[in-house]
Amino acid sequence: MNIGFNNLFRYLCTSSLLGVGSAVFGDLFWMSLTGGVHIIDATLKEPIVFLTCWYFGGAFSWVLCKSRKYLALTTYLFSYLIFIIMSMIYGDFNDPSVKGWYYLCIIGYGFLCLPAYFVNRVYIIPKLF
């Protein structure tokens, strides 16, 4: 493996912070759309889910990626894949009234994490290596 394990802990910490930052960005975006109305239950669960997805996405990409050139992209894609798997495991896709909301959440996660991908690509990976 070309990238080694010397900065693994720092990269996992920054990936986790990017996940929490994406959750905060999503909360601010939702509050700006709704005028401040927000569901308390979603506010507590969203940072934990995003942190989990980005942490494990960063760990998987660090182990499986061969060069640092594609590290940010593989972290984003693995976190997205983990979010889809978690949605399939914990979601109720049999109920037609909420199936569309799950699909919108999956698509929305991809859009909300794009700024974290660009921060990871432009700022974090060049400073880390």
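This report concerns the structure included in the present document. (Residues numbered from 1 in each chain as written. Predicted model: local features only at pLDDT ≥ 70, side-chain atom pairs only at ≥ 80, totals over all residues. Heavy atoms only, no water.)

**With respect to the packing of aromatic side chains**
Next, step 1: One pass over the full model with this rule turns up 12 aromatic pairs.
Next, step 2: Both rings, one in phenylalanine 83 and one in tyrosine 109, keep their centres 4.2 Å apart while their planes meet at 5 degrees; by these two values the pair is stacked. Taken as a pair, phenylalanine 83 in helix H3 (residues 71-90) and tyrosine 109 in helix H4 (residues 96-112) lie far apart in primary sequence, 26 residues in all.
Next, step 3: In this structure phenylalanine 83 comes out as buried when scored by relative accessible area, which is 10%. (Phe/Tyr/Trp six-rings, centres within 6.5 Å; stacked < 30°, edge-to-face > 60°. Helix = DSSP H or I, 4+ residues; strand = E, 2+ residues; numbered from the N terminus. Buried < 20%, exposed > 50% of the residue type's maximum accessible area, 1.4 Å probe, protein only.)

**Focus on the environment of cysteine 113**
Next, step 1: Structurally, cysteine 113 is set in the loop between H4 and helix H5 (114-128).
Next, step 2: For cysteine 113 and leucine 18, which are 95 residues apart along the polypeptide, the C-alpha to C-alpha distance reads 8.4 Å.
Next, step 3: Those residues in contact with cysteine 113 that lie beyond four places of it in its chain are Ser22, Phe50, Trp54 and Tyr76. (Contact = heavy atoms within 4.5 Å.)

**Side note on a nonpolar patch on the surface**
Next, step 1: Taken together, the side chains of Phe5, Tyr55, Phe56, Phe60, Val63 and Leu64 define a hydrophobic patch exposed on the protein surface, amounting to about 580 Å² of accessible area.
Next, step 2: Relative to the elements of secondary structure, leucine 64 occurs in helix H2 (residues 40-64).
Next, step 3: Using a relative accessible area of 54% as the deciding quantity, one classes leucine 64 as exposed. (Patch = residues over 30% accessible without salt bridge, like charges linked within 9 Å, V, L, I, M, F, W, Y side chains within 5 Å. Areas by Shrake-Rupley, 256 points an atom, 1.4 Å probe, with all protein chains shown as cover. Salt bridge = Lys/Arg side-chain N within 4 Å of Asp/Glu carboxyl O.)

**Observations regarding the nonpolar core**
Next, step 1: Among the nonpolar cores identified, the biggest contains 22 residues, and Tyr11, Phe50, Trp54, Leu71, Tyr109 and Cys113 are the most heavily contacted of them.
Next, step 2: Ignoring anything within four residues of it in the chain, the contact list for tyrosine 11 reads Gly58, Ser61, Trp62, Leu71, Ala72, Thr75, Asn120, Ile125 and Leu128. (Core = buried A, V, L, I, M, F, W, Y, C linked by side-chain atoms within 4.5 Å.)

**Digging into the packing of H3 against H5**
Next, step 1: It is the contact of H3 with H5, at a shortest axis distance of 9 Å, that shows an interaxial angle of 155 degrees. Classified by the angle their axes make, H3 and H5 are roughly antiparallel. Handedness of the crossing formed by H3 with H5: right-handed. Across from Leu71, Ala72, Leu73, Thr75 and Tyr76 in H3, the residues of H5 making contact are Leu114, Tyr117, Asn120, Arg121 and Ile125.
Next, step 2: Across the contact of H3 with H5, the residue classes break down as seven nonpolar, two polar and one charged. (Axes fitted to C-alpha atoms, helices over the stretch in contact; angles between N-to-C directions. Parallel < 35°, antiparallel > 145°, perpendicular 65-115°, else oblique. Left-handed = near helix turned anticlockwise from the far one by under 90°. Nonpolar A, V, L, I, M, F, W, Y, C, P; charged D, E, K, R; others polar.)

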